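Geometric and topological summary
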Number of protein chains: 2
Amino acid sequence: MRSHLYHREGIAYDVLRYNMGWVDVDAKPIASRTGKALRPTLCLLTCEAVGGDPALAIPGAVSVEFIHNFSLVHDDIQDQDEVRWGRPTVWSIWGKPKALVAGNLLRAVADQALWNLDKQGLDYTVATKVVHLLTESYLSMIEGQYLDVAYEGHSDTELAEYLDMISRKTGALIRCSVNIGAVIGTKDTVRIKAFQNFGRSLGYVFQIRDDMLGTWGEEKKTGKPVGSDIRRKKNSLPIVHAMAQSKGTQQHQLKSIYAKNEISGQDVVDVLDIMATAGSQEYAENLLQEHGSMAMEAIDNADIAPTTKHEISQIVEFLLIREY
Amino acid sequence: MRSHLYHREGIAYDVLRYNMGWVDVDAKPIASRTGKALRPTLCLLTCEAVGGDPALAIPGAVSVEFIHNFSLVHDDIQDQDEVRWGRPTVWSIWGKPKALVAGNLLRAVADQALWNLDKQGLDYTVATKVVHLLTESYLSMIEGQYLDVAYEGHSDTELAEYLDMISRKTGALIRCSVNIGAVIGTKDTVRIKAFQNFGRSLGYVFQIRDDMLGTWGEEKKTGKPVGSDIRRKKNSLPIVHAMAQSKGTQQHQLKSIYAKNEISGQDVVDVLDIMATAGSQEYAENLLQEHGSMAMEAIDNADIAPTTKHEISQIVEFLLIREY
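In this text the structure is predicted, and so the values were computed from the model without any measurement. (Residues numbered from 1 in each chain as written. Chains lettered and ligands numbered in written order. Predicted model: local features only at pLDDT ≥ 70, side-chain atom pairs only at ≥ 80, totals over all residues. Heavy atoms only, no water.)

**Comments concerning the relation of the copies chain B and chain A**
Short version of the rule: Each copy is superposed on the other by least squares, with the fit set by C-alpha atoms of residues at a pLDDT of at least 70 in both. In what follows, residue pairs with any heavy atoms lying within 4.5 Å of each other are defined as contacts.
Of the two same-sequence chains, chain B is brought onto chain A (RMSD 0.0 Å, axial shift 0.0 Å) by a rotation of 180 degrees. Each copy turns onto its partner about a two-fold axis. A high fraction, 97%, of the interface residues of chain B reappear at the interface in chain A, so the copies pair face to face through one surface.

**Comments concerning the interface of chain B and chain A**
Just so we agree on the cut-off: The quantity reported as buried area is the accessible area (1.4 Å probe) lost by two parts once they are put together, taken as the sum for both. Whenever Lys or Arg places a side-chain nitrogen within 4 Å of a carboxyl oxygen from Asp or Glu, that contact is recorded as a salt bridge.
Counting residues at the interface gives 37 residues for chain B and 36 residues for chain A. When chain B packs against chain A, the two sides together hide about 3,600 Å² of surface, and 71% of this comes from carbon and sulfur. Ranking the residues of chain B by area buried against chain A places Trp115(B), Leu139(B) and Tyr146(B) at the top, with a combined share of 21%. Applying the counting criterion to the chain B and chain A interface returns 2 salt bridges.

**Some words on the nonpolar core**
Convention followed: What is meant by a nonpolar core is a set of buried Ala, Val, Leu, Ile, Met, Phe, Trp, Tyr and Cys residues, joined one to another through side-chain atoms within 4.5 Å. Three exposure classes are used, based on accessible area relative to the maximum for each residue type with a 1.4 Å probe and protein chains only: buried under 20%, partly exposed in between, and exposed over 50%. For the purposes of this entry, the term helix denotes a DSSP run of H or I that reaches at least four residues, the term strand denotes a run of E that reaches at least two, and both are numbered from the N terminus.
Core analysis: the largest hydrophobic core is formed by 203 residues, its most contacted members being Leu5(A), Phe195(A), Phe198(A), Leu5(B), Phe195(B) and Phe198(B). Among the elements that take part in this core, helix H9 (residues 159-185) of chain B stands out by supplying 13 residues, more than any other. Leaving out residues up to four positions away in the same chain, Leu5(B) has contacts with Tyr13(B), Leu16(B), Arg17(B), Met20(B), Trp22(B), Phe66(B), Leu106(B) and Val109(B).

**What about the pattern of salt bridges?**
Residue and element names in this part refer to chain A. Across all of its chains, the model carries 26 salt bridges over all chains by this definition. The salt bridge involving Arg17 is made with Asp14; its shortest N-O contact spans 2.7 Å. Here Arg17 pairs with Asp14, and both are found in helix H2 (residues 11-19), just 3 residues apart, close to one helical turn. Judged by relative accessible area, which is 26%, Asp14 ranks as partly exposed. Across the pair Lys260 and Asp267 runs a salt bridge whose closest N-O atoms are separated by 3.0 Å.

**Description of the side chain of Ser246(B)**
All names here are of chain B. We apply this condition: Two N or O atoms form a polar contact when they lie within 3.5 Å of each other; inside protein one atom must be a possible hydrogen donor and the other a possible acceptor, and for residues adjacent in sequence the pair counts only when both atoms belong to side chains.
The topology assignment puts Ser246 in the loop between helix H13 (237-245) and helix H14 (248-258). The buried category is assigned to Ser246, whose relative accessible area is 5%. Within the structure, Ser246 has its side chain in polar contact with the backbone oxygen of Ala242 (distance 2.7 Å). Residues contacting Ser246, with those up to four places away along its chain left out, are Gln251, Leu254, Ile274 and Ala278.

**Overview of helix H2 (residues 11-19) of chain B**
Along H2(B), 7 of the 9 residues are buried, which leaves the element largely enclosed by surrounding structure. Buried within H2(B) are the following residues: Ala12(B), Tyr13(B), Val15(B), Leu16(B), Arg17(B), Tyr18(B) and Asn19(B). Where H2(B) is buried, its residues contact helix H8 (124-151) of chain A together with helix H1 (2-6), helix H4 (54-79), strand E2 (87-88), helix H5 (90-94) and helix H6 (96-113) of chain B. Positive phi appears at Gly21(B), one or two residues downstream of H2(B), with a value of about 85 degrees.

**Structural notes on the environment of Lys169(B)**
Residue and element names in this part refer to chain B. Structurally, Lys169 is set in helix H9. Remark: the alpha-carbon pair of Lys169 and Leu202, spanning 33 residues in sequence, is separated by 13 Å. Contact partners of Lys169, with chain neighbours within four places excluded, come to Ser140, Met141, Gly144, Gln145, Asp148 and Gln207. Engagement of the side chain of Lys169 in a polar contact is seen with the side chain of Asp148, the distance being 3.3 Å.

**Here we look at the environment of Gly199(B)**
Residue and element names in this part refer to chain B. Tracing the backbone shows Gly199 in helix H10 (residues 189-216). Take Gly199: its relative accessible area is 0%, and that puts it in the buried class. For the pair Gly199 and Ala172, spaced 27 residues apart in sequence, the C-alpha to C-alpha distance is 8.8 Å. When neighbours within four sequence positions are excluded, Gly199 is seen to be in contact with Ile174, Arg175 and Val178.

**Description of the environment of Val183(B)**
All names here are of chain B. Among the secondary structure elements, Val183 is positioned in helix H9. Given a relative accessible area of 13%, Val183 falls into the buried group. Each C-alpha atom of the pair Val183 and Lys129 lies 8.1 Å from the other, and the pair is 54 residues apart in sequence. Setting aside chain neighbours within four positions, we find Val183 in contact with Val126, Lys129, Val130, Leu133 and Ile192.

**Description of empty space enclosed by the protein**
What counts, and what does not: In this analysis, the protein atoms alone were mapped onto a 1 Å grid. Cavities are point sets where a 1.4 Å probe fits without being able to get out; pockets are open sets with protein on both sides within 12 Å along at least five of seven lines; lining residues have an atom within 4 Å of a point. Grid points are joined across faces, edges and corners, and a volume is the space filled by probe spheres set on the points. Each residue is assigned to one of three groups, with Ala, Val, Leu, Ile, Met, Phe, Trp, Tyr, Cys and Pro labelled nonpolar, Asp, Glu, Lys and Arg labelled charged, and all others, Gly among them, labelled polar.
Applying the stated rule across the entire model yields 7 cavities of 30 Å³ or more. In this structure, the largest cavity encloses a volume near 510 Å³. What lines the largest cavity is a set of 27 residues, among which Ala127(A), Thr128(A), Val131(A), His132(A) and Val131(B) lie closest to the centre. Of all the secondary-structure elements, those providing two or more residues to the lining of the largest cavity are helix H4 (54-79), helix H6 (96-113), helix H7 (116-119) and H8 of chain A together with helix H7 (115-119) and helix H8 (124-151) of chain B. Among the elements that make up the lining of the largest cavity, the one with the highest residue count is H8(A) (8 residues). Residues that form the lining of the largest cavity fall into these classes: 15 nonpolar, 7 polar and 5 charged.

**Remarks on the confidence of the model for chain A**
Residue and element names in this part refer to chain A. How we decide: pLDDT gives the predictor's per-residue confidence on a scale running from 0 to 100.
On average, residues of chain A carry a pLDDT of 93, and 99% of them reach 70 or more. Looking across chain A, the model is least confident in helix H12 (residues 219-222), with a mean pLDDT of 83, and most confident in helix H10 (residues 171-185), with 98. Predicted as a complex, the structure gets a pTM of 0.92 and an ipTM equal to 0.89.

**Examining unusual backbone geometry**
With a phi close to 50 degrees, Trp85(A) is a non-glycine residue in the positive phi region. We note that Ala27(B) has phi near 70 degrees; this positive angle belongs to a residue other than glycine. Take Ala27(B): it is sitting in the loop between H2 and helix H3 (38-49).

**Brief notes about the side chain of Asn104(B)**
If you trace the backbone, Asn104(B) turns up in helix H6. Under the relative-accessibility criterion, Asn104(B) is labelled buried at 1%.

**A word on the packing of H3(B) against H10(B)**
Residues and elements named next belong to chain B. What counts, and what does not: Interaxial angles span 0 to 180 degrees and are taken between N-to-C directions of axes, which are lines fitted to C-alpha atoms, for helices over the stretch in contact. Here roughly perpendicular refers to angles of 65 to 115 degrees, roughly parallel to angles under 35, roughly antiparallel to angles over 145, and oblique to all remaining angles. A clockwise turn of the near helix away from the far one marks a right-handed crossing, whereas an anticlockwise turn of less than a right angle marks a left-handed crossing.
Axis separation between H3 and H10 bottoms out at 12 Å; the angle between their running directions is 160 degrees. Classified by the interaxial angle, the pair formed by H3 and H10 is roughly antiparallel. Once H3 is placed against H10, the crossing between them reads as right-handed. Residues Leu38, Arg39, Leu42, Thr46 and Ala49 of H3 form the contact with H10, whose participating residues are Arg191, Phe195, Phe198, Leu202 and Phe206. Classifying every residue of the contact of H3 with H10 by side-chain character gives 7 nonpolar, 1 polar and 2 charged.

Rendered as structure tokens:
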């Protein structure tokens, strides 16, 4: 990954290296906490699990991680988020116009990373398939982001609409990471299909847990106060559930809180109470476990080596219980 | 082009169709003035000129035009421009978050358009070459946009820096349009090289004329008041030249005007006077003609059919004298 952002000169690349957590704001190398690298890990591990050489999947893994990071740079502009992973976001340091362009640059670097697919001797038809999978998942991710913005402030988003939105916004790239690992690693359509199912369930697991942390996560672990998604009126599973399930005065109260321009600390407490009555946390936890089980079931059907299966189940386990 | 934006459902695509000038703000079909379609025209005409079948170049031509339009959607956000081609810009109607995402979507649609390269029976190595040329030019364009934002408000941009910036920001995609037409149309490296030179010169012609219109263009033709680039303190050839060539009190006056937050009507008149003394218009016109001659010289070296040569020279002529 680093080689792709170090072979070109220019301040725009310093901004991108900052975003990856490799340098500080003055472009000095640092060791900082970065992302979980979930997507490239899934890609390489899937490739290995289905019997392929993970080295062949590296260009795809790198590209997926750059696309993910590109989306974070633009997301932070949209949501006006000033901090991510404990560091000031790109736009909060360099301003929105530069952040917008830097994000687009990272998107292009992701495309360029794919040039290495062929160089590694991967079959042309497989390389083309990988490029198409990435473009499709990218399209789907952007469509999901558009829906997310479009639903903002709506108090009547249906659960089905919400699940469709997250399946695109977050799920698409996670599915894609798994899918490209699979198609690079094997031609066995049964295994490829099993990992497709795995990727689909894992996408839900990731976002449902994310939504739970945004509502009930502990500040000292997530870096965000309890109820931060409520305060920011973000589309998230707990609120969509509570809106749909709460009744009478509670539903009325919920809607009037969400109609406000600014949500107060007391409002957050009230919303959490309404969610408790509606059983939103149990609902989310059940849905989470359901998708976790489906993910593991898919892996059981893929007939893979026990050691790799153990590694994959550890990732699923982590995503089910993570607290940050 | 239309088929790529009509085969998917969703409001995000209505926004993109609006941006292309095909529908109004309520998604009703309209006949409106759209862009000049310069890039796809160059691509198809070049392919024909070198002896190829222009039909094979259509996916590339479509992709280039979508990338161009993507960049306009994001540019308008950055520059806070509320009107383009006489219509409200996407962000001014739907807000910046949606416009940002819609732009990214169009970028992905551009990638998807390239899938048709193979389907048309184009040789795999040529198709790959086209994809790489597009990614490279896209990278270069974004780097140029970053430099443009980074130079903003600087009063000491060197002419060489400025020319490098426009060669990337505007030149890259114009060069690419010509290059992909050439590599799809022929394997003759002499002709490909000749068209590379043509594309390079034409990129300068396009942007230099654009800069001249932004400073001295007539409002009733450009849709913008005389001196609009001055008022907006945009990086442009006339101002870079005047900064470098003006002397003594005039240079001092110029710098103090550009140090202001808001530039008044009188300031614009003063800057135009300083440019007149510095000979900025003659300088720009000479540079424009120089690149126009280089473009035509390159075509002379490509040994193409007289009718196609005539069509190409008409495009060059138009770009040299266009008033909008």
